[in-house]
Amino acid sequence: DAKTTQPPSMDCAEGRAANLPCNHSTISGNEYVYWYRQIHSQGPQYIIHGLKNNETNEMASLIITEDRKSSTLILPHATLRDTAVYYCIVRGFRGGGADGLTFGKGTHLIIQP
Amino acid sequence: EPEVTQTPSHQVTQMGQEVILRCVPISNHLYFYWYRQILGQKVEFLVSFYNNEISEKSEIFDDQFSVERPDGSNFTLKIRSTKLEDSAMYFCASVRDKGNEQFFGPGTRLTVL
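Thresholds, definitions, all that
- Residues numbered from 1 in each chain as written.
- Chains lettered and ligands numbered in written order.
- Predicted model: local features only at pLDDT ≥ 70, side-chain atom pairs only at ≥ 80, totals over all residues.
- Heavy atoms only, no water.
- Helix = DSSP H or I, 4+ residues; strand = E, 2+ residues; numbered from the N terminus.
- Buried < 20%, exposed > 50% of the residue type's maximum accessible area, 1.4 Å probe, protein only.
- Contact = heavy atoms within 4.5 Å.
- Core = buried A, V, L, I, M, F, W, Y, C linked by side-chain atoms within 4.5 Å.
- Salt bridge = Lys/Arg side-chain N within 4 Å of Asp/Glu carboxyl O.
- Polar contact = N/O pair within 3.5 Å; in protein donor to acceptor, adjacent residues only side chain to side chain.
- Nonpolar A, V, L, I, M, F, W, Y, C, P; charged D, E, K, R; others polar.
- Pairing = 2+ DSSP bridges.
- Phe/Tyr/Trp six-rings, centres within 6.5 Å; stacked < 30°, edge-to-face > 60°.

Caption draft 1: Seen up close, the side chain of B:Thr108. All names here are of chain B. Among the secondary structure elements, threonine 108 is positioned in strand 11 (residues 108-112). Among the residues examined, threonine 108 registers a relative accessible area of 0% and is labelled buried. Here threonine 108 is in contact with Gln6, Thr7, Pro8, Ser9, Gln11, Leu21, Ala88, Met89 and Tyr90, once residues within four sequence places are set aside.

Caption draft 2: Region of interest: the nonpolar core. Residue and element names in this part refer to chain B. Of all hydrophobic cores here, the largest spans 22 residues; its most connected members are Trp34, Leu46, Phe61, Val67, Phe75, Leu77 and Tyr90. Those elements that place two or more of their residues in this core are strand 3 (19-24), strand 4 (31-37), strand 5 (43-50), strand 7 (65-68), strand 8 (75-79), strand 9 (88-95) and strand 11. Leucine 77 has contacts with Val19, Ile20, Leu21, Trp34, Leu46, Phe61, Phe65, Ser66, Val67 and Tyr90, leaving out every residue within four places of it along the chain.

Caption draft 3: Structural detail: the interface of chain A and chain B. Residue-level contacts link 23 residues of chain A with 21 residues of chain B. Between the two partners, chain A and chain B, sit zero salt bridges. Where chain A packs against chain B, one counts four residue pairs in polar contact (both at pLDDT 80 or more). At the level of elements, strand 3 (32-38), strand 4 (45-50) and strand 8 (84-91) of chain A are the ones that each hand at least two residues to the side of chain A that touches chain B. Tallied by class, residues from the side of chain A that touches chain B come to nine nonpolar, 10 polar and four charged.

Caption draft 4: Looking closely at the sheet that holds strand 7 (residues 70-75) of chain A. Residues and elements named next belong to chain A. Strand order across the open sheet formed by four strands is 2-7-6-5, with antiparallel pairing between neighbours. At either margin of the open sheet sits one strand with a lone partner, and together these are strand 2 (18-23) and strand 5 (55-56). Direction of pairing for strand 2 relative to strand 7: antiparallel, over a ladder of six bridges. For leucine 20, the partnering residue across the bridge sits in strand 7 and is leucine 73.

Caption draft 5: View of the pairing of strand 7 of chain A. All names here are of chain A. The pairing of strand 6 (residues 61-64) with strand 7 spans four bridges and is antiparallel. Residue leucine 62 lies in a different strand from strand 7, and its bridge partner there is leucine 73. As consecutive antiparallel partners, strand 6 and strand 7 are separated by five residues, and within that stretch arginine 68 has a phi angle of approximately 65°, a positive value.

Caption draft 6: Just the packing of aromatic side chains, in detail. If you walk through the whole model with that rule in mind, you get 17 aromatic pairs over all chains. Ring geometry for A:Tyr34 against A:Tyr46: centres 6.5 Å apart, planes inclined by 65°, an arrangement best described as edge-to-face. Of the two residues, A:Tyr34 sits in strand 3 while A:Tyr46 sits in strand 4, which places them 12 residues apart along the sequence. With a relative accessible area of 0%, A:Tyr34 lands in the buried category. Chaining the aromatic ring pairs together yields one cluster made of A:Tyr32, A:Tyr34, A:Tyr36, A:Tyr46, A:Tyr87, A:Phe103, B:Tyr33, B:Tyr35, B:Phe45 and B:Phe104.

Written as structure tokens, this is what we have:
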């Protein structure tokens, strides 16, 4: 799976959009971009994933650049409960597809009141 | 909403003892995983399990570790002879089908004294 690079930490004001960048310049054509988050030692929580088109769900939007070398997770109206470590994970599917996720250090997003 | 559950939430054991960590994955899921997170460090993949056998395992998952799905609902991780460095949060996860998001449990905090 391709390596990802994320800033170690970011601040965002409550109610504003939080934009979390991720670089994945070595991504290959069949690899997806996944985002998970972990709130204070709880189990990681899935947010969103995409291949090449932008995606939106009830939690967030995912913008993937046309060359797929980077992406941005957008939390449109951040709340204090969004304070967490956010992980960008690039993942392909080998064999039967039961591959584990490779977590990096992620971005610690702190929402300021 | 269905969720992955784990027991116990906290396990304290003496070095050299055997421990069994238990997980109940979401009922119609087919792929199962164990991860661990040493305090202050990254979430690390240990093993994946599908169709009653190990699909993939990391270097961490040595002969001291084993997994089992004894009764079609529980999914267990056994550490045969615990070491101090096994102290960590252990997360179980499950997936309905490959490519779908992994659902994580709340974790078991293992403390080895």
